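Structural overview
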Amino acid sequence: MSRQPESALPRKPSGDVPAPSPSPLAKGMTLCGRASGCLAGARNGLRRQWQRGLCGRRRQNAAAEQAQPAREDVPVVLHVYDMGGDAVAQHLNQVFRPVGVGAYHGAIEVYGREWSFGWSDEGTGVFSCLPRHCPLHSYRETIRVGFTRMTKREVLSILRQLEWPGSDYDLLRRNCCHWCAEFARRLGADPLPPWLNSLADEVAKIDDGVRDVATNAQLVVEAARRRGIEVQEKAVELRENFEAAIKAKNDELREQVEVAWREWQSRAEELDMKLGLSDSLKGFQLAIGTWRQRQAASGSTDDEGDGSKLMDLRADVMPFRAFSSERVCTPSIASSARHRPSRKTAL
């Protein structure tokens with residue numbers, strides 16, 4: 001706040017002289033100064049209270065941390081069972097245990113409770129029981145797999161996350177040992193021994209190989225079937241194309257033959273109209289028929305000469321064009337009459 005000039009401040013009255021009244025501007029500036037002082041005091045007071053409260057909360061948190069006990073290491077235990085619990089499984093596991101192979105059931109114990117995973121029709125496959133008292137299998141041994149610093153509440157939270165459905169249980173790829181390995185990993189414990197699930201892993205590899213071979217064989221068969229279908233479709237297509245080509249060629253040839261036949265008929269009709277061959281042929285046929293009738297009516301025999309017969313036939317056919325030239329038939333008729341005497345003269 002800027003300092004007021006002395007001329008603007010009110011002066012004390014001297015003697016009996018009355019003091020002049022302050023101006024409105026001076027009154028306003030005085031009120032502003034008082035208000036600013038009050039706001040500054042309030043701000044400083046609030047700041048001191050906030051600092052005292054923050055320090056108090058820090059002291060309380062530190063005291064609470066000192067009073068809270070440190071987390072203890074809770075042991076994580078693996079219980080191993082003989083699968084099925086019968087004497088045969090126990091004997092086989094005892095024989096093959098030194099080579100790291102066997103059929104085992106695993107369970108994890110933490111906070112005095114044993115947890116494992118198995119098959120069920122519905123719901124989750126996770127179940128619990130008293131340690132080393134699983135009713136479905138025969139207890140074999142216990143192995144410590146480390147410690148965890150999680151509380152019971154945190155462990156229950158992990159169990160809720162690992163509620164695998166019981167219908168997803170797979171003896172080779174999703175069994176109790178797989179679940180125990182995942183549970184131990186989330187608890188922060190050590191990995192489980194490899195021999196616990198080695199048999200299932202090896203059989204799973206063999207099964208995967210067999211499935212791969214079966215899948216490849218199925219793919220080959222499917223490819224051959226598709227190839228056969230493609231070849232059959234190609235053969236049908238070729239046959240249809242061949243039949244269509246043959247049909248088109250036959251139609252083309254038929255059309256060409258029809259065109260040639262129509263042209264030949266047209267030319268034959270033109271030639272017939274020019275030469276009159278059809279009328280000559282009809283006249284020739286009529287003459288032949290008349291001559292045969294005449295021969296049948298006259299009752300002539302072979303005693304008559306061939307020359308006379310030919311002369312009669314010539315006389316009947318002479319009016320037609322085919323035999324209009326006398327020089328064509330006359331020499332032959334004459335020579336036949338001259339060189340072949342009748343039978344009556346020879347006698």
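Per-chain numbering applies: the sequence of each chain, read as written, is numbered from 1 onward. Totals for whole chains, interfaces and linings use every residue, but because this is a predicted model, local features are given only for residues with pLDDT of at least 70 and side-chain atom pairs only at 80 or more, for both listing and counting. To get the side-chain values, all heavy atoms of the structure are used, and hydrogens and water are removed first.

**A short note on the overall build of the protein chain**
For the record, the criterion: We count a stretch as a helix when DSSP gives it H or I for four or more residues in a row; a strand needs E for two or more, and each element gets its number in order from the N terminus. Exposed residues in this analysis have more than 50% of their type's maximum accessible area, buried residues have under 20%, and partly exposed residues fall in between, with area computed by a 1.4 Å probe over protein chains only. Each accessible area is a Shrake-Rupley estimate made with a 1.4 Å probe; only the visible protein chains count as cover when residues are assessed.
For the protein chain, the helix and strand inventory stands at nine helices and five strands. Listing every helix and strand of the protein chain by position from the N terminus yields α-β-α-β-β-β-β-α-α-α-α-α-α-α. Across the 347 residues that make up the protein chain, the buried fraction comes to 22%. Carbon and sulfur atoms make up 57% of the accessible area of the protein chain, which amounts to about 25900 Å² in all.

**Regarding the state of the cysteines**
The criterion, for reference: Cysteine sulfurs are considered disulfide-paired once they come within 2.5 Å of each other.
Tallied over the entire structure, the rule returns zero disulfides. Unpaired in this structure, Cys177 has its nearest cysteine sulfur neighbour in Cys176, at a distance of 4.1 Å. Judged by its relative accessible area of 3%, Cys177 falls in the buried class. For the unlinked cysteine Cys180, the closest cysteine sulfur is that of Cys176, found at 6.0 Å. Note on Cys180: relative accessible area 0%, which makes it buried.

**Focus on helix H3 (residues 152-161)**
Where we set the bar: What the arc measures is the spread of directions leading from the helix axis to the C-beta atoms.
The set of residues buried in H3 consists of Val155, Ile158 and Leu159. Buried residues in H3, looked at end-on, bunch into an arc of 100°, giving them a common side. In H3, the exposed positions that point more than 90 degrees away from the buried face belong to Arg153, Arg160 and Gln161.

**A few points about a negative patch on the surface**
Convention followed: Note on patches: the residues involved have over 30% relative accessible area and no salt bridge, like charges join within 9 Å, and the nonpolar side chains Val, Leu, Ile, Met, Phe, Trp and Tyr join within 5 Å. Salt bridges are identified by distance alone: a Lys or Arg side-chain nitrogen within 4 Å of an Asp or Glu carboxyl oxygen. For the charge count, each Lys or Arg is scored as positive and each Asp or Glu as negative, with His and the chain ends excluded. Where a charge lies is defined by one atom per residue type, namely NZ (Lys), CZ (Arg), CG (Asp) and CD (Glu).
The grouping of Glu233, Glu237, Glu240 and Glu243 at the surface amounts to a negative patch. Topologically, Glu237 is positioned in helix H5 (residues 198-275).

**Overview of the pattern of salt bridges**
Scanning all chains against the criterion turns up 11 salt bridges. One salt bridge in this structure joins Glu230 and Arg227, with 3.5 Å as the shortest N-O distance. Residue Glu230 and its partner Arg227 are both found in helix H5; the two are separated by three residues, about one turn of the helix. With relative accessibility at 44%, the residue Glu230 sits in the partly exposed group. We classify Arg227 as exposed; its relative accessible area is 55%. Here Arg254 and Asp251 are joined by a salt bridge, their closest N and O atoms 3.0 Å apart. Here Arg254 pairs with Asp251, and both are found in helix H5, just three residues apart, close to one helical turn. Classification of Arg254 by relative accessible area gives partly exposed; the value is 46%. Given a relative accessible area of 34%, Asp251 falls into the partly exposed group. Connected via shared salt-bridge partners are Asp170, Arg173, Asp207 and Asp208.

**Quick look at the packing of aromatic side chains**
For the record, the criterion: The pairing test for Phe, Tyr and Trp rings, Trp by its six-membered ring, is centres within 6.5 Å, and the orientation test on the planes gives stacked under 30 degrees, edge-to-face over 60, and tilted for anything in between.
Tallied over the full model, the rule gives six aromatic pairs. Look at Phe117 and Tyr169: their rings are 5.8 Å apart centre to centre, the planes differ by 45°, and that puts the pair in the tilted class. Of the two residues, Phe117 sits in strand E3 (residues 113-117) while Tyr169 sits in the loop between H3 and helix H4 (176-187), which places them 52 residues apart along the sequence. A relative accessible area of 1% places Phe117 in the buried class.

**Quick word on the side chain of Ser138**
Cut-off, in case you're wondering: Pairs of N or O atoms within 3.5 Å make up the polar contacts considered here, provided that, within protein, one atom can donate a hydrogen while the other can accept it, and that residues adjacent in sequence are counted only when both atoms are side-chain atoms. Two residues qualify as a contact provided that any one of their heavy atoms is within 4.5 Å of a heavy atom in the partner residue.
Topologically, Ser138 is positioned in strand E5 (residues 138-148). Of the polar contacts made by the side chain of Ser138, one reaches the side chain of Gln90; its length is 2.9 Å. Among all residues touching Ser138, those that are not within four sequence positions of it are Tyr81, Asp82, Gly85 and Gln90.

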